[in-house]
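Listed here are the chains, written in short residue letters.
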Amino acid sequence: MAKSVVTPWEVSGNVDYDRLVKEFGVSKIDEKLLERIRKHAGELHFMLRRKIFFAHRDLKWLLDEYDKGNKFFLYTGRSPSGPVHLGHLLPWIFTKWLQDKFGVELWFQFPDEEKFLFKQGLSYEQAQKYLFENMLDVIALGFDSKKTHFLVDTKNANLMYGEACKVAKKITFSMVKSSFGLNEQSNLGQIFYTSMQAVPAFLPPVLKGKEIPCIIPHAVDQDPHFRLTRDILPKLGYYKPASIQCSFLPPLTGSEGKMSSSESIKGILSTDSPADVKNKINKYAFSGGQATVEEHRKRGGDCTVDVPFQYLKYLFEESDKKLNEIEKDYSSGKMLTGDMKKYTIEKINNFLSEHQKRREKAKDKIPEFLLKI
Ligand code: TRP
């Protein structure tokens, strides 16, 4: 098996999360921390119960501060480079839950220059088009506009650039090279970029003139950015941001890498029609079932590699009881691949039909979310 690669700009191979925990130096979320979150939130989100959010930095510190009355803010983001798919929605759905349960502000960054700088063939104008499209998906998830601020790198440059320069002055080219795999051929924008991604982790304290703890929910591939951010912020007089990190929604074709909208077989997009979803799941979703019904009845299916089952687990079956039943029935051969796919298609389509209605309504709401300073 090829060794997996996980950087902010590439995720490939069969991701070994235990190895990442060691290599990145993050901590696993243990039962004690889960209990503390449960105590505050009144319940545990299924993404915590199922260890989809599995790792963190300084979560204990963040909760200690919260207990002392020092509320945190949330920071996450999306670099517009294409349409939003189900894998993108996963950490945002969880972020919305945190916002609701803790009643805190969210700063949502749209680095609309990032993918332009990093992706061959993506024009600046295309990225701008996706910027507004992607905002609709974020708004559609129901974030509270009074507590949510969209920061757009090129539009809020007046606020951000000076702060980014303070970060950049503390980072050498050789640090960025080793953290991100950049080299002498990398363009200048790429070399500077991580300093822009650091800014929202301390912009609220800058604007409000007081220290405020920050926690960043993100997929584990973004950790190299925040490792650097954490090194630098104390030198500028700010707290290190905490983080809570999730694994990747598997791509349709199996367990390797992550869902992506730029691969030839695209992931399931937030704008897909019921027929698109049905077709993608039936045609492409990797199945853990056996080759024939007879064999399946005899030997059962393998949920650990079955993509429809994984989608239920990661996003669409909130009930543990129901998920366990499905797991049991599929593994024993009682439930067939066709049934698994049918159930998953229905669940996804129910979600998307609501999401798409809210997405339509979001078109008038963008100004409410844009940071105006
Ligand atoms: N770099 C992220 C992307 O490629 C976007 C991003 C900016 C982000 N700030 C973030 C993601 C904070 C998670 C948390 O989409």
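A. Structural detail: the overall build of the protein. When helices and strands are tallied, the protein shows 18 helices and 9 strands. Computed over C-alpha atoms, the radius of gyration of the protein comes to 21 Å, within 12% of the 21 Å expected from 2.2 N^0.38 for 373 residues, which places it in the range of a compact globule. Along the first, second and third principal axes, the C-alpha set of the protein runs to 65 × 50 × 45 Å. Sorting the 373 residues of the protein into buried and exposed places 53% on the buried side. Contacts spanning at least 24 positions in sequence make up 78% of the contacts within the protein whose residues lie at least 6 apart. Summed over all atoms, the accessible surface of the protein reaches about 16,700 Å², with 52% contributed by carbon and sulfur. In the protein, 57 positive and 48 negative side-chain charges are present, and the distance between their average locations comes to 2 Å.

B. Examining the domain arrangement of the protein more closely. Assigned domains within the protein: domain 1 (5–253) and domain 2 (274–360). Using C-alpha coordinates to define each centre, domain 1 is positioned 30 Å away from domain 2. Carbon and sulfur atoms make up 64% of the surface buried where domain 1 meets domain 2, a total of about 2,000 Å² over both sides. Considering only the side of domain 1, the residues that lose the most area to domain 2 are Arg-50, Leu-86 and Leu-252, jointly responsible for 34% of the buried surface there. At the junction of domain 1 and domain 2, the tally comes to 4 salt bridges. Notably, a salt bridge pairs Glu-133 with Arg-359, separated by 2.9 Å at the nearest N-O pair. For the interface between domain 1 and domain 2, the tally reads 14 residue pairs in polar contact (both at pLDDT 80 or more). At the level of elements, helix H3 (46–49), helix H5 (86–102) and helix H7 (124–140) are the ones that each hand at least two residues to the side of domain 1 that touches domain 2.

C. Structural detail: unusual backbone geometry. The phi torsion at Lys-51 lies on the positive side, around 60°, for a residue other than glycine. Note on placement: Lys-51 falls in the loop between H3 and strand S4 (53–57). If you check the backbone angles, Asp-58 has positive phi at about 60° while not being a glycine. Positionally, Asp-58 belongs in the loop between S4 and helix H4 (59–67). Residue classification places Asp-58 among the partly exposed positions, given a relative accessible area of 29%.

D. The sheet that holds strand S6 (residues 106–110), seen in detail. Strand order in the open sheet formed by 7 strands is S3-S4-S9-S8-S5-S6-S7, with mixed pairing between adjacent strands. Two strands close off the open sheet at either side, each with one partner strand: strand S3 (27–28) and strand S7 (148–152). Note that S4 and strand S9 (residues 242–246) share 4 bridges and pair antiparallel. Paired with Phe-53 across the bridge in S9 is Cys-246.

E. Here's a closer look at the side chain of His-149. In this fold, His-149 is placed in strand S7. Classification of His-149 as buried rests on a relative accessible area of 16%. Reaching out from His-149, the side chain makes a polar contact with the side chain of Glu-105 at a distance of 3.4 Å.

Thresholds applied
Residues numbered from 1 in each chain as written. Predicted model: local features only at pLDDT ≥ 70, side-chain atom pairs only at ≥ 80, totals over all residues. Heavy atoms only, no water. Helix = DSSP H or I, 4+ residues; strand = E, 2+ residues; numbered from the N terminus. Rg over C-alpha atoms; globule rule 2.2 N^0.38 Å. Buried < 20%, exposed > 50% of the residue type's maximum accessible area, 1.4 Å probe, protein only. Contact = heavy atoms within 4.5 Å. Areas by Shrake-Rupley, 256 points an atom, 1.4 Å probe, with all protein chains shown as cover. Lys, Arg positive; Asp, Glu negative; His and termini not counted. Charge placed at Lys NZ, Arg CZ, Asp CG, Glu CD. Domains from an automatic or database assignment. Buried area = accessible area lost by both parts, 1.4 Å probe. Salt bridge = Lys/Arg side-chain N within 4 Å of Asp/Glu carboxyl O. Polar contact = N/O pair within 3.5 Å; in protein donor to acceptor, adjacent residues only side chain to side chain. Pairing = 2+ DSSP bridges.

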